[in-house]
Amino acid sequence: MATAAAASASEAEAEPKAGPKAEGEEDEAKAARTRRKVLSRAVAAATYKTIGPEWDQQEEGVSESDGDEEYAMASSAESSPGEYEWEYDEEEEKNQLEIERLEEQLSINVYDYNCHVDLIRLLRLEGELTKVRMARQKMSEIFPLTEELWLEWLHDEISMALDGLDREHVYDLFEKAVKDYICPNIWLEYGQYSVGGIGQKGGLEKVRSVFERALSSVGLHMTKGLAIWEAYREFESAIVEAARPIAGFLSPFDREQTFDSQLEKVHSLFRRQLAIPLYDMEATFAEYEEWSEDPIPESVIQNYNKALQQLEKYKPYEEALLQAEAPRLAEYQAYIDFEMKIGDPARIQLIFERALVENCLVPDLWIRYMTFEKALSAGFIQATDYVEIWQAYLDYLRRRVDFKQDSSKELEELRSAFARALEYLKQEVEERFNESGDPSCLIMQNWARIEARLCNNMQKARELWDSIMTKGNAKYANMWLEYYNLERAHGDTQHCRKALHRAVQCTSDYPEHVCEVLLTMERTEGTLEDWDIAVQKTETRLARVNEQRIKAAEKEAALAQQEEEKAEQRKRARAEKKALKKKKKTRGAEKNTVDEDDEKEWGDEEEEQPSKRRRLENSVPPTGEAERGPDADPGLVGVELPSKPKERAAAPRRDVPKVLHDSSKDGITVFVSNLPYSLEEPATVLRPLFEACGDVVEIRPIFSNRGDFRGYCYVEFKEEAAAQRALELDRKSVEGRPMFVSPCVDKSKNPDFKVFRYSTALEKHKLFISGLPFSCTREELEEICKAHGTVKDIRLVTNRAGKPKGLAYVEYENESQASQAVLKMDGMTVKENIIKVAISNPPQRKVPEKPEARKAPGGPLVPRQIYGARGKGRTQLSLLPRALQRPGAPAAQAENGPAPPPAGATPAATEAPKMSNADFAKLLLRK
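A quick note: this is a predicted structure, and the numbers were derived from the prediction, not measured. (Residues numbered from 1 in each chain as written. Predicted model: local features only at pLDDT ≥ 70, side-chain atom pairs only at ≥ 80, totals over all residues. Heavy atoms only, no water.)

### What about the overall build of the protein?
Stated formally: In DSSP terms, a helix is any run of H or I states spanning at least four residues, a strand is any run of E spanning at least two, and both are numbered starting from the N terminus. Here, residues are in contact when the closest pair of their heavy atoms is within 4.5 Å.
Helix and strand counts for the protein come out as 36 helices and 13 strands. In the protein, 65% of the contacts between residues at least 6 apart in sequence involve partners at least 24 apart.

Okay, here's the thing in structure tokens:
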């Protein structure tokens, strides 16, 4: 039914603010008068042909062709395409190039919804009638079309219809349209168009059939169903008016058969309409009283009063829809729950259809509705959504099967559905998303369980598991153990043993586990021969696995060694460059100049190693507390310093008091970082900001030994609640730079403490936008995004200096709005920048390995094992000069302890010659 771009159809569901006729100003009244006129004249023409020439032609005054033409004018007066005349050939050429580009793009990706829409628009603009018809046909084969697209197509075809064959073609088109959506406007157009054909054979029955189907489909629509009822009654009333002039020429019997029976049809329509809750029921009842010559029966009045009472129950839900903005998922969900409690199937189906027009990308809604075949064409944006739909549908079919019977129609239908699901995921989903959406083969696993447990068909279950393993799952221990448990419960010991033997050979993630399960089974059930075979296979497999792990660890260690050597080379190159620079400055200079230059160089070195400077400057006594802050805050990346290095070096040193921190006050203290280094009086600038959160006891900025502000400070409050409120100032701009505010926690005592980090999980209600111009403001982006739903929050991503990075996160009220915004905004041009929009799904951050995970025996070496207890550090350098280093071959390892040295090898042969301190000095000073 609805598609990925069917969100645009939400406008079709926009309800009038106060009933169907609240906004029916002059245009609507004029359209109603035109419909009545067309109906009356068309019915008069049909009556003339049916009854004969007794009826005066002047009274008739219309022909069949005139009725068709006048209907076409009436039905397409507001939406006829018009004619476009271009003043310049350049515009036409530009359109043709764009058409060719769109056609080429569709040949690559036929599922590009917006590309289909743009192509149809351009072809229609250029007057390419044949091509636009083909484009619409291709699009309708892939996507259900929205109400606007269908009405535009229908009006074009109606205006071109010339004869009966063309009319049949339009009828077929209407039939396709009403299958895509339960749409009152399309049904109304269908009924009115069919009136133009009542002069043809079976035309009268055709009109009544269309209107009756329309009432069954949308007659219960509380706000839009009224138009269908009125159109049907106007049609039947027009037939009554056309029959009045000839009633006097007929016999009493014929008059009863023609005139009185027709009156009863109108009575019946009034009574049926008044029995269901619809807006503006009071006006309909008053119209019936005025129209009817006889008093209204008591039963009709009772049904009318009952419908009025029902209307009062439905009004809160309808008014909630009127007041909310599309897609109104929460309002529809509440409405659906209300209808489900009442239990009227027709009304339940109608409210589901109304909800899905605007929320076509919400899998849960489709699953509740269970209109499975339509759900497959909904255009979901993830492959897993299709898997969920199939699983829900298969669960539904499974519950219908009586497994006590050996074979039944429902069971065959279930098996057929499983086969269709696998074929669909392979042919459709994998082709579109380049992934199956079901990597663990959950659908095949469920099928195998049903065959084994409910159908006692282990042969089929084994065939399914063979297919599962051939799809890349044979390397996972949990898949083999799942199969083993199924065999254990419903198979036999021989197949269990066979499965475990295959698992030992194929499993690569946890081979020890499957080996243990195999040995346990043979210990309790197997013979001595089975036990020996199992022990031999498991030992051989584990030895091979350990060998592979050792090779992988050696390779990783070699790579780490290469990285360390490269880092050493870079460090040596920097040192040589610095020494050369210092030597040049020293030549021909006075001693005082030399001293000054030396001081500058030390200042430069401090710049390159800010972490050391932080540990040295403004430090506290050994017994005191060290400075603390969040991991992301202390770095000096992207920091603008207050003055040039020479000026800082030349500046006189000032005595700055040491800042001591009392860890007992962590609860009432916050750590503020990433402040501008140019702040001369940080406490004066920050105090007004934090006093808004509560009483501030003290603001302690951190300065270097030279008196330069280091960009962070402590803020102590009187109350803990004030400190908690201060955390809300995180990322607040201070002189054009985002300020980081975090809890004051000693990480050495609280290693598991986590500061705030944005979510890295999939968030279907949030968008990630890239490619934004740096000048784009939050207000400008909000203005763009709010056209597609309710925007709850917008976050423009900046660097530490507060400069925009052209990225943003936009949070919508629900998943449906976010999905629609992706389709509408992806590829949009913003200030000459083409932006990219996707559902927020950041890559997972690498989590440091916990110490206990490193203790696995026989596992690959981890950094602690490679580099020792202190880990890999810059100070862990080999004291042996590189010129004397000799690469040694890795020592072989026996099964239990180190391997003996090879024959003929002596310890002296592998050791480097001993050197004196003088030898080391010569090597280090050699140029």
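Having put the structure on the table, let's press on.
### Quick look at a positive patch on the surface
Selection criterion: Exposure above 30% relative accessible area and no salt bridge define the residues that can form patches, which grow by joining like charges within 9 Å and nonpolar side chains of Val, Leu, Ile, Met, Phe, Trp and Tyr within 5 Å. Only the protein chains shown count as cover for residues, with accessible areas throughout obtained via the Shrake-Rupley method and a probe of 1.4 Å. Any Lys or Arg side-chain nitrogen found within 4 Å of a carboxyl oxygen on Asp or Glu counts as a salt bridge. Only four residue types enter the charge count, namely Lys and Arg as positive and Asp and Glu as negative; His and the chain termini do not. The atom standing in for a charge is NZ when the residue is Lys, CZ when it is Arg, CG when it is Asp and CD when it is Glu. The buried label applies to any residue whose accessible area, calculated with a 1.4 Å probe on protein chains only, is under 20% of its type's maximum; exposed applies above 50%, and partly exposed to all values in between.
Residues Lys566, Arg570, Lys571 and Arg574 make up a contiguous surface patch of positive charge. With respect to the secondary-structure elements, Arg574 resides in helix α26 (residues 528-586). You can call Arg574 partly exposed: its relative accessible area is 43%.

### Overview of the pattern of salt bridges
Enumeration over the complete set of coordinates arrives at 37 salt bridges. Salt bridges here are not isolated pairs; linked through shared partners, they connect Arg124, Arg136, Glu152 and Asp156.

### Focus: unusual backbone geometry
One can expect most non-glycine residues to show negative phi and most peptide bonds to be in trans. Omega for the peptide link from Ala326 to Pro327 comes to 10 degrees, which places this bond in the cis form. Even without a glycine there, the phi angle at Asn456 is positive, about 55 degrees. Judged by its relative accessible area of 67%, Asn456 is exposed. Not every positive phi belongs to a glycine, and Asn674 is a case in point at roughly 60 degrees. With respect to the helices and strands, Asn674 occurs in the loop between β1 (669-673) and α30 (682-691). With a relative accessible area of 5%, Asn674 lands in the buried category.

### Observations regarding the sheet that holds strand β3 (residues 709-717)
Condition: One requirement defines pairing of two strands: DSSP has to find at least two bridges between them. Fitted lines through C-alpha atoms serve as axes, helices being fitted only where they are in contact, and the angles separating the N-to-C directions of these axes extend from 0 to 180 degrees.
An order of β2-β3-β1-β5-β4 is seen for the 5 strands of this open sheet, with the pairing classed as antiparallel. The sheet terminates laterally at β2 (696-703) and β4 (732-734), the two strands that pair on one side only. Strand after strand, the sheet turns through a mean of 30 degrees between neighbouring axes, direction not considered. Bridging between β4 and strand β5 (residues 737-743) involves 3 bridges; their strand directions are antiparallel. Each residue of the ladder has a partner; that of Lys732, found in β5, is Met739. Helix-sheet contacts for α30 involve β1, β2, β3, β4 and β5, and the interaxial angle to β2 is about 140 degrees.

### Some thoughts on the nonpolar core
Applicable threshold: To form a nonpolar core, buried Ala, Val, Leu, Ile, Met, Phe, Trp, Tyr and Cys residues must be joined to one another through side-chain atoms within 4.5 Å.
Formed by 87 residues in total, the largest nonpolar core has its most connected members in Phe174, Ile186, Trp187, Phe235 and Leu365. Apart from residues lying up to four places away in sequence, Trp187 is in contact with Val178, Val210, Arg213, Ala214, Ser217, Val218 and Ile228. Ranked by size, the runner-up nonpolar core spans 49 residues in total, among them Ala383, Tyr393, Ala448 and Ala474.

### A few points about a negative patch on the surface
On the surface, a cluster of negative charge is contributed by Glu90, Glu91, Glu92 and Glu93. Among the structural elements, Glu92 can be located in helix α4 (residues 89-108).

### Some remarks on helix α8 (residues 164-180)
Here is the rule: Expected helix span is computed as 1.5 Å times (number of residues minus one).
The terminal C-alpha atoms of α8, which comprises 17 residues, lie 25 Å apart, in line with the 24 Å expected from a rise of 1.5 Å per residue. Looking only at α8, the buried set comprises Arg167, Val170, Tyr171, Leu173, Phe174, Ala177, Val178 and Asp180.

### Here's the deal with the packing of aromatic side chains
As a reminder of what qualifies: Only Phe, Tyr and Trp rings are paired, with Trp represented by its six-membered ring, and only when their centres lie within 6.5 Å; those with planes under 30 degrees apart are stacked, over 60 edge-to-face, the remainder tilted. Definition used: whenever NZ (Lys) or CZ (Arg) falls within 6 Å of the ring centre and also within 35 degrees of the ring normal, the charge is taken to sit over that ring.
One pass over the structure, following the stated rule, counts 26 aromatic pairs. Their ring planes at 45 degrees and their centres at 5.6 Å tell us that Phe671 and Tyr712 sit as a pair that is tilted. Taken together, the residues span a long stretch of sequence, with Phe671 in strand β1 and Tyr712 in strand β3 at a distance of 41 residues. One exposure class covers both Phe671 and Tyr712, and it is buried. Three or more aromatic residues joined by ring pairs make a cluster, and in this case those are Tyr171, Phe174, Trp187, Tyr190 and Tyr193. Over the aromatic face of Tyr171 sits the side chain of Lys206, whose NZ or CZ is 4.6 Å from the ring centroid.

### Considerations on the packing of helix α24 (residues 493-506) against α26
Our working rule: If an angle is under 35 degrees, it is roughly parallel; if it is over 145, roughly antiparallel; if it lies from 65 to 115, roughly perpendicular; otherwise it is oblique. Left-handed describes a crossing whose near helix is turned anticlockwise from the far helix by less than a right angle; the clockwise case is right-handed. Gly is placed with the polar residues, together with every amino acid not listed as nonpolar (Ala, Val, Leu, Ile, Met, Phe, Trp, Tyr, Cys and Pro) or charged (Asp, Glu, Lys and Arg).
Contact geometry for α24 and α26: axes closest at 9 Å, N-to-C directions at 20 degrees. Regarding the angle of α24 to α26, the classification is roughly parallel. The chirality of how α24 crosses α26 is left-handed. In this structure, α24 contributes Arg497, His501, Val504, Gln505 and Cys506 to the contact, and α26 contributes Asp530, Ile533, Lys537, Thr538, Arg541 and Arg544. Of the residues that constitute the contact of α24 with α26, the class distribution is 3 nonpolar, 3 polar and 5 charged.

### Thoughts on the environment of Asp118
Note on placement: Asp118 falls in helix α5 (residues 113-126). For the pair Asp118 and Glu98, spaced 20 residues apart in sequence, the C-alpha separation works out to 9.3 Å.

### Observations concerning helix α7 (residues 147-160)
In this model, α7 (14 residues) spans 20 Å end to end at C-alpha, consistent with the 20 Å of a helix rising 1.5 Å per residue. Where α7 is concerned, the buried positions are Glu147, Leu149, Trp150, Leu151, Trp153, Leu154, His155, Asp156, Glu157 and Ile158.

### Notes on the pairing of β3
Taking burial as the measure, the 9 residues of β3 include 9 buried ones, the bulk of the element. Looking at chain direction, β1 and β3 are connected through 4 bridges and run antiparallel. What sits directly across from Val672, in β3, is Cys713. Of the strand pairs in this sheet, β2 and β3 are connected by 6 bridges, and their pairing is antiparallel. Along β3, the bridge assignment pairs Ile699 with Val715. Once β2 ends, the chain turns through 5 residues before running back antiparallel as β3, passing Gly707 with a positive phi of about 95 degrees.

### Quick look at the environment of Glu319
With respect to the secondary-structure elements, Glu319 resides in helix α14 (residues 298-323). Residue Glu319 is classed as partly exposed on the basis of its relative accessible area of 37%. Separated by 12 residues in sequence, Glu319 and Glu331 place their C-alpha atoms 9.7 Å apart.

### Regarding the sheet that holds strand β6 (residues 763-770)
Spatial strand order, β7-β8-β6-β11: 4 strands in an open sheet with antiparallel pairing. Looking along the sheet, the strands with just one partner apiece sit at the ends: β7 (791-798) and β11 (836-840). Direction aside, neighbouring strands of the sheet carry axes that sit 25 degrees apart on average. Pairing between β7 and strand β8 (residues 804-812): 7 bridges, direction antiparallel. Each bridged residue has a counterpart across the sheet, and for Arg795 the counterpart in β8 is Tyr809. Running over the sheet, helix α32 (residues 778-785) touches β6, β7 and β8 and is turned about 135 degrees from β7.

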